[in-house]
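Structural overview for review
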Amino acid sequence: MAGSNRKVQTANRIWVSVGGSPLGLGQSVELHDDYQMEALQGVGDIHPQEFVPSAAVLTVTISEMVMLDSSMRASGASYTSPDDALRGVSHDIIVSSKDGGMLRKYTGCFYTSGDVQVRKHAIVIANATFKCMDASGGGA
């Protein structure tokens, strides 16, 4: 019986866009949501009665191959100098299926840190970490 795999999401069917522009040759995207759960206990009781969120810390980390004519820096998604950080530019980051369904959307994302890996006999890789203000979508 002929058919195609439709039960799981695979990386070869995922698109990533930063600020409306598709990410070039992305190698990986890590989506991390942390709600800083605080334990609520009473005096004299070490057992938590409940956990409540105290802050939403939404982090997206992207790794990409650096191309000769394009990169996250060239697109404005990451900074070219420390003075760029003062502009306060944010981006939306969307992770979606090639089939059209949105897996996760992060809005109000600010570049916070990054690095470039230069190794012998290897492709140059750039990594960027963004802190985001909100997230939506339940596909991932």
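Structural notes, computed from the coordinates. Per chain, residues are indexed from 1 in the order of the written sequence. Totals for whole chains, interfaces and linings use all residues, but because this is a predicted model, local features are given only for residues with pLDDT of at least 70 and pairs of side-chain atoms are given and counted only at 80 or more. Hydrogens are left out, water is left out, and the side-chain values use all remaining heavy atoms of the structure.

**Remarks on the pattern of salt bridges**
Let me state the cut-off plainly: What makes a salt bridge here is a side-chain nitrogen of Lys or Arg within 4 Å of a carboxyl oxygen of Asp or Glu, nothing more.
Summed over the entire model, instances satisfying the criterion amount to 2 salt bridges. For the salt bridge of arginine 87 with aspartate 84, the shortest nitrogen-to-oxygen distance reads 3.7 Å.

**Quick look at the environment of glycine 44**
We count it as follows: A helix here means a DSSP run of H or I that spans at least four residues, while a strand means a run of E at least two residues long, and both kinds are numbered starting from the N terminus. Residue exposure (1.4 Å probe, protein chains only): buried if accessible area is under 20% of the type maximum, exposed if over 50%, otherwise partly exposed.
Relative to the helices and strands, glycine 44 is located in the loop between strand S4 (37-40) and strand S5 (50-53). Judged by relative accessible area, glycine 44 falls into the exposed class, the value being 83%. Once the C-alpha coordinates of glycine 44 and glycine 76 are considered, the two residues, 32 residues apart in sequence, prove to be 53 Å apart.

**Considering the environment of serine 78**
What counts, and what does not: Note on contacts: a residue pair qualifies if any of its non-hydrogen atoms lie within 4.5 Å across the two residues.
By the secondary structure assignment, serine 78 is in the loop between helix H1 (72-75) and strand S7 (91-97). Serine 78 sits in the buried class, given a relative accessible area of 6%. Sequence-wise, serine 78 and alanine 128 are 50 residues apart; in three dimensions their C-alpha atoms are separated by 7.1 Å. Dropping the residues within four chain positions of it, serine 78 is found in contact with Met72, Arg73 and Tyr111.

**Describing the nonpolar core**
Just so we agree on the cut-off: The term nonpolar core refers to a set of buried residues drawn from Ala, Val, Leu, Ile, Met, Phe, Trp, Tyr and Cys, joined through side-chain atoms within 4.5 Å.
Core analysis: the biggest nonpolar cluster contains 18 residues, and Val60, Ile62, Ile93, Tyr106, Phe130 and Cys132 have the highest contact counts within it. Sorting the residues of this core by element identifies strand S1 (14-18), strand S6 (57-65), S7, strand S8 (102-117) and strand S9 (125-132) as the ones contributing at least two each. Per-element accounting of this core gives the leading share, 4 residues, to S8. In this view, phenylalanine 130 contacts Leu58, Thr59, Val60, Ile62, Ala77, Ile93, Cys109, Phe110, Tyr111 and Thr112; residues no more than four positions away in its chain are not counted.

**With respect to a nonpolar patch on the surface**
The condition is simple: A patch is a set of surface residues, each over 30% in relative accessible area and not in a salt bridge, joined within 9 Å for like charges and within 5 Å for the nonpolar side chains Val, Leu, Ile, Met, Phe, Trp and Tyr. All accessible areas in this document rest on Shrake-Rupley with a 1.4 Å probe, and a residue is counted as covered only by the protein chains that are shown.
Where nonpolar side chains cluster on the molecular surface, the patch consists of Tyr35, Met37 and Phe51 and spans about 330 Å² of accessible area. By the element assignment, methionine 37 lies in strand S4.

**Here's the deal with the state of the cysteines**
Threshold: Here, the term disulfide refers to a pair of cysteine sulfur atoms separated by no more than 2.5 Å.
Tallying each qualifying case throughout the model produces 1 disulfide. Two residues share a disulfide in this structure: cysteine 109 and cysteine 132, whose sulfurs sit 2.5 Å from each other. Sign of the S-S torsion, about 110° for the bond between cysteine 109 and cysteine 132, identifies this disulfide as right-handed. You can see cysteine 109 sitting in strand S8 and its partner cysteine 132 sitting in strand S9, a full 23 residues away along the chain.

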